[in-house]
Amino acid sequence: MSAMNAEFFDAIEQIEKEKGIPRGYMQEKIQQALLTAFKRDNPDCEDNVEVIMDENKKTISMFVLKTIVEESEYVNDATQILLDEAHHYDKKAGIGDTVRIPVETKKFGRIAAQAAKQVIIQGIREAERSAQCSEMQSRAHEIITGTVTAVDAERGNIVLDLGKGGSAVLPKNEQVPGEHFTEGQMVQVYVVDVLATERGPRVTISRTHPGLVKRMFELEVPEIYDGTVEVKAIAREAGARTKMAVWSKDANVNPVSACIGPHGDRVAGGGGGAGRVVDGDAGQVQAARAFNGERHVARAVGCDGYSSAGGDVRTVELERRTVQLALHGDCSAALGLCHRNVQDGSS
């Protein structure tokens, strides 16, 4: 009995170290497993069975609670006991009192023990799924690093191992055009959403989401991290260009310069700055200042009074995501290749 108890507690401690599952959670599952096993062999027992686990002494005890009754009232052996028999467990007990009768584990049948084992295993699996969900939900809308474990050459999807968060699929349409991945490669992705399911967390990840750009700049730009500079809007066409509007709470801090950094280090691609994730995007950072829709869109499409296009915006109507422009000057330069400037400016 004591050896079995010690093994239970040693297993709980090992599970907590290896899988991060709290001991209290596992002890509760073991208690439920033992109760299930006992009631399987003793179906007449109701809620008069209790399990006590003493972590300090490493002991597990089970008791059946029975009420002492007169012989004339004795009808249920599972919940009642006569006074003479009750005195074997408590000499001071009297009629109407409840006595605790210890149960030896050897009374568990093989089937009951197997049932307890299955409940414990199920408890471990549930705890692992819960831990995974909690881990990933805490990382929602953040950047995480995963390892490529499989590449679907036909569909273009890749599977990433996210560590304790399980795994997730990065679809082809959430990858930057032109990217290629190999098994074992480390990849940074943005966690768009986390949905808890019976099989664990279902994680939606992306490398094209504008949120990835925002988080990267928060990591690279101290002024954004501490709140001095605020990102007002981001428009991104992954692999082609990214545009970001920023605003400074401090008049002495230039938001554009803060984001670009000395010699453009903070937007550099090829392994440095925020560009290490958005490498391949042509970047533009513009100051939002006191937000003015007309001026903001004009700057975004490159037809501001100071732009090389030499044009301006006479009227701008913003309704939901629809933008109407009356352009004067070099319209083709303002619209850009494949009208990308208008697409970015209206996002």
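Please read these numbers as outputs of a predicted model, since none were measured by experiment.

### Some words on the sheet that holds strand β7 (residues 167–170)
Then comes step 1: Reading across the sheet, the five strands line up as β7-β6-β5-β8-β9 and stay open at both edges, with antiparallel pairing between neighbours. The open sheet has two edge strands with one neighbour each: β7 and β9 (200–206). On average, each strand axis in the sheet is inclined to that of its neighbour by 55°, with strand direction left out of account.
Then comes step 2: As paired strands, strand β5 (residues 143–151) and strand β8 (residues 186–197) are joined by five bridges and run antiparallel to one another. Directly across from I144, in β8, lies its bridge partner V189.
Then comes step 3: Helix α5 (residues 210–220) rests against β5, β8 and β9 of the sheet, and its axis sits at about 120° to β8.

### Remarks on the nonpolar core
Nonpolar side chains tend to gather and get buried jointly when the protein is soluble and globular.
Then comes step 1: Ranked by internal contacts, the top residues of the largest apolar core, which has 22 residues, are M26, I30, F38, M53, I60, M62 and I120.
Then comes step 2: Within the residue set of this core, elements represented by two or more residues are α1 (2–19), α2 (23–41), β1 (49–54), β2 (59–69) and α4 (110–137).
Then comes step 3: Of the residues forming this core, the biggest block, five residues, is contributed by α2.
Then comes step 4: Residues L170, F181, V187 and V194 belong to the second largest nonpolar core, which totals 15 residues.

### What about the confidence of the model for the protein chain?
Then comes step 1: Per-residue pLDDT for the protein chain averages 76, and the proportion of residues at 70 or more is 72%.
Then comes step 2: Element-level pLDDT for the protein chain is lowest in strand β13 (residues 312–319), with a mean of 46, against a maximum mean of 94 in strand β6 (residues 158–161).
Then comes step 3: In this model residues 303–323 is a low-confidence stretch, pLDDT under 50, and it forms 51 contacts with partners more than four residues away in sequence or in other chains.

### So, a negative patch on the surface
Then comes step 1: A grouping of D44, E46, D77 and E85 is seen on the molecular surface, where their side chains present a negatively charged patch.
Then comes step 2: Position of E85 relative to the elements: it lies in helix α3 (residues 83–86).

### Regarding the pattern of salt bridges
Then comes step 1: Applying the stated criterion across every chain, the model contains ten salt bridges.
Then comes step 2: Across the pair R23 and E55 runs a salt bridge, and its minimum N-O distance is 2.9 Å. In this pair, R23 sits in helix α2 while E55 sits in the loop between β1 and β2, placing the two residues 32 residues apart along the sequence.
Then comes step 3: Given the relative accessible area of 33%, R23 is considered partly exposed.
Then comes step 4: Here R215 and E142 are joined by a salt bridge, their closest N and O atoms 3.9 Å apart. One end of the pair, R215, is in helix α5; the other, E142, is in the loop between α4 and β5, and 73 residues separate them in sequence.
Then comes step 5: Residue E142 is classed as partly exposed on the basis of its relative accessible area, which comes to 31%.
Then comes step 6: Each of E16, R23 and E55 takes part in a single network of salt bridges with overlapping partners.

Basis of the calculations
Residues numbered from 1 in each chain as written. Predicted model: local features only at pLDDT ≥ 70, side-chain atom pairs only at ≥ 80, totals over all residues. Heavy atoms only, no water. Pairing = 2+ DSSP bridges. Helix = DSSP H or I, 4+ residues; strand = E, 2+ residues; numbered from the N terminus. Axes fitted to C-alpha atoms, helices over the stretch in contact; angles between N-to-C directions. Contact = heavy atoms within 4.5 Å. Core = buried A, V, L, I, M, F, W, Y, C linked by side-chain atoms within 4.5 Å. Buried < 20%, exposed > 50% of the residue type's maximum accessible area, 1.4 Å probe, protein only. pLDDT = per-residue confidence, 0-100. Patch = residues over 30% accessible without salt bridge, like charges linked within 9 Å, V, L, I, M, F, W, Y side chains within 5 Å. Areas by Shrake-Rupley, 256 points an atom, 1.4 Å probe, with all protein chains shown as cover. Salt bridge = Lys/Arg side-chain N within 4 Å of Asp/Glu carboxyl O. Lys, Arg positive; Asp, Glu negative; His and termini not counted. Charge placed at Lys NZ, Arg CZ, Asp CG, Glu CD.

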